[in-house]
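Per-entry structural report
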Amino acid sequence: MADMQKLYEGKAKIIYSTEDPEILLTHFKDDATAFNALKRGTIIGKGEINCRMSTELFQILEAKGIPTHWIDQPAPNQMRVRRVKIVPVEVVVRNIAAGSLCKQTGLPLGTVLKHPLVEFFYKNDELGDPLLTRDRLLLLELATPEQLDQLKTMTLQINEILTEFFHQCGITLVDFKLEFGLDVNGKLLLADEISPDTCRLWDEGETDQTKRIMDKDRFRQDLGQVESAYQKVLERVLNSKTQG
Ligand code: C5P
C-alpha cells in the first residue's frame, strides 16, 4: 500500500493510484446510496459481490471483443484497472420499461420495448444527472460525434451479450448503466462496474413484481432482503459461467 494514494472517493468506490501510473486500484465499498445520495445505507458484503460480479462480466465481455478497463482482482473487494479519462456521461440501455423511463414518459412498468433504448445522462451530481439529448451532449463537448456513435454501438453489443448471459442465469436484464473512458491512446474502454447496483435484474422464476427484483431497487424501495438478492445474483452468475 506504500505507493498508493487515494485519488477519488465516490459513493460506492474508492480509487487509488499504484506504482504504475497507467494502473489504478478500485476498492468497492459496502456503502449504498440512492436518489443522488438522498438515501444512504449499507448493504453488507456488497463491495465483494459487486467486485466479483464486475470481474466476471468484464471477462465475459473481453472474451467477446469488448475492450474494458479490467486487469485483475487482487482481493475480494479490489480490482486493478487501466487508467482512463472517464467520459462524463452515463449510458443507460433499456429492454423493459422501469425507473425514470416510466416516470418521465408514462409507459407502464414492465412494458417490453420493441428495440433496446439507449439514453445518455450527464454525470453531474450538482445538476442531478439530467437526461441529455444528442445535441446537448455535443453542445457541452462531452464527446465527439464519432465517440457518441461508438458509445451507442458498444452499448448495444454489450446489451446483447449480457441479455443472453443473464437469461442463462434465469434473470431478465431489464436495464443497466455503463460508463466509458479514454485510455492514453484515446481508445474507448468500458469502465466503472456492472453489478446489481447498476442493473435492473428480474428473477425469471418469479411473477410477483416485488419478489422478482434482485437489484438495487430492493434498497431504493425498502423491499428488504437486499443482501440475499445480491448474493443470489452472484451465485447464478458464477454457476452459469462454470457451466458455459
Ligand atoms: O433511474 P433509471 O431508470 O434512469 O436507471 C436506469 C438504470 O441505470 C438502472 O439499472 C439503474 O440502476 C442504473 N443507474 C445507475 N446509476 C445512476 C443512474 C441509473 O447505475 N446514477
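The name given to the protein in an unreviewed UniProt entry is Phosphoribosylaminoimidazole-succinocarboxamide synthase, with the source organism recorded as Planktothricoides raciborskii FACHB-1370. Per UniProt, the protein has the following entry under Catalytic activity (unreviewed entry): "5-amino-1-(5-phospho-D-ribosyl)imidazole-4-carboxylate + L-aspartate + ATP = (2S)-2-[5-amino-1-(5-phospho-beta-D-ribosyl)imidazole-4-carboxamido]succinate + ADP + phosphate + 2 H(+)". Quoted straight from UniProt, the Pathway (unreviewed entry) entry for the protein says "Purine metabolism; IMP biosynthesis via de novo pathway; 5-amino-1-(5-phospho-D-ribosyl)imidazole-4-carboxamide from 5-amino-1-(5-phospho-D-ribosyl)imidazole-4-carboxylate: step 1/2."

1. Concerning the overall build of the protein
Regarding its fold elements, the protein presents six helices and 14 strands. Its C-alpha atoms give the protein a radius of gyration of 17 Å, within 12% of the compact-globule value 18 Å for 244 residues. When the backbone C-alpha atoms are referred to their principal axes, the protein occupies close to 50 × 40 × 40 Å. Burial statistics for the protein: of 244 residues in total, 49% are counted as buried. Contacts in the protein between residues far apart in sequence, at least 24 positions, make up 55% of those at least 6 positions apart. Within the structure as shown, the protein displays about 12300 Å² of accessible surface, and the carbon and sulfur contribution to it stands at 50%. Averaging the locations of the 31 positively and 37 negatively charged side chains of the protein gives two centres separated by 3 Å.

2. Regarding the site of the ligand
Close to the ligand lie 15 residues, the nearest being Arg94, Ser100, Asp175, Arg200 and Arg220. Taking Arg94, its side chain carries an N or O atom lying 2.8 Å from an oxygen atom of the ligand. Here Arg200 contributes a side-chain N or O atom positioned 2.9 Å from an oxygen atom of the ligand. The fraction of the free accessible surface of the ligand (450 Å²) that becomes covered by protein chains is 79%. Elements that contribute at least two residues to the shell around the ligand include exactly β9 (89-96), α2 (99-105), β12 (171-182) and β14 (199-203).

3. Concerning the side chain of Arg218
Structurally, Arg218 is set in helix α5 (residues 217-220). Lacking a salt bridge, the buried Arg218 has Asp208 as its closest oppositely charged neighbour, with an N-O distance of 7.5 Å. A polar contact is formed between the side chain of Arg218 and the backbone oxygen of Thr210, at a distance of 2.8 Å. Excluding its chain neighbours within four sequence positions, the residues that come into contact with Arg218 are Thr210, Lys211, Ile213, Leu223, Gly224, Gln225, Val226 and Ala229.

4. A few points about the sheet that holds strand β1 (residues 6-9)
In space, the five strands of this open sheet follow the order β1-β2-β3-β7-β6, with antiparallel pairing throughout. Here the strands that pair on one side only, and so sit at the sheet edges, are β1 and β6 (70-75). Averaged over all neighbouring strand pairs, the angle between strand axes comes to 25°, with direction disregarded. Of the pairings in the sheet, the one linking β1 to strand β2 (residues 13-17) comprises three bridges and is antiparallel in character.

5. Side note on the pattern of salt bridges
The tally for this structure, following the rule as stated, stands at 21 salt bridges. Across the salt bridge formed by Lys13 and Asp192, the nearest N and O atoms sit 3.0 Å from each other. Taken together, the positions of Lys13 in strand β2 and Asp192 in the loop between β13 (188-191) and β14 put the pair 179 residues apart, joining distant regions of the chain. In terms of burial, Lys13 and Asp192 fall into one category: buried. The residue Arg134 makes a salt bridge to Asp149 at a minimum N-O spacing of 3.2 Å.

6. Looking at unusual backbone geometry
The residue Asn36 is not glycine, and still its phi comes out positive at about 55°. Its place among the elements puts Asn36 in the loop between β4 (31-34) and β5 (39-42). Look at Asn36 and you get partly exposed, because its relative accessible area is 37%. With a phi angle near 70°, Ala37 is a residue other than glycine that sits in the positive phi range. With respect to the element layout, Ala37 can be found in the loop between β4 and β5.

Criteria and cut-off values
- Residues numbered from 1 in each chain as written.
- Predicted model: local features only at pLDDT ≥ 70, side-chain atom pairs only at ≥ 80, totals over all residues.
- Heavy atoms only, no water.
- UniProt positions renumbered as here; feature names shortened; annotations may be inferred.
- Helix = DSSP H or I, 4+ residues; strand = E, 2+ residues; numbered from the N terminus.
- Rg over C-alpha atoms; globule rule 2.2 N^0.38 Å.
- Buried < 20%, exposed > 50% of the residue type's maximum accessible area, 1.4 Å probe, protein only.
- Contact = heavy atoms within 4.5 Å.
- Areas by Shrake-Rupley, 256 points an atom, 1.4 Å probe, with all protein chains shown as cover.
- Lys, Arg positive; Asp, Glu negative; His and termini not counted.
- Charge placed at Lys NZ, Arg CZ, Asp CG, Glu CD.
- Near = heavy atom within 4 Å.
- Polar contact = N/O pair within 3.5 Å; in protein donor to acceptor, adjacent residues only side chain to side chain.
- Salt bridge = Lys/Arg side-chain N within 4 Å of Asp/Glu carboxyl O.
- Pairing = 2+ DSSP bridges.
- Axes fitted to C-alpha atoms, helices over the stretch in contact; angles between N-to-C directions.

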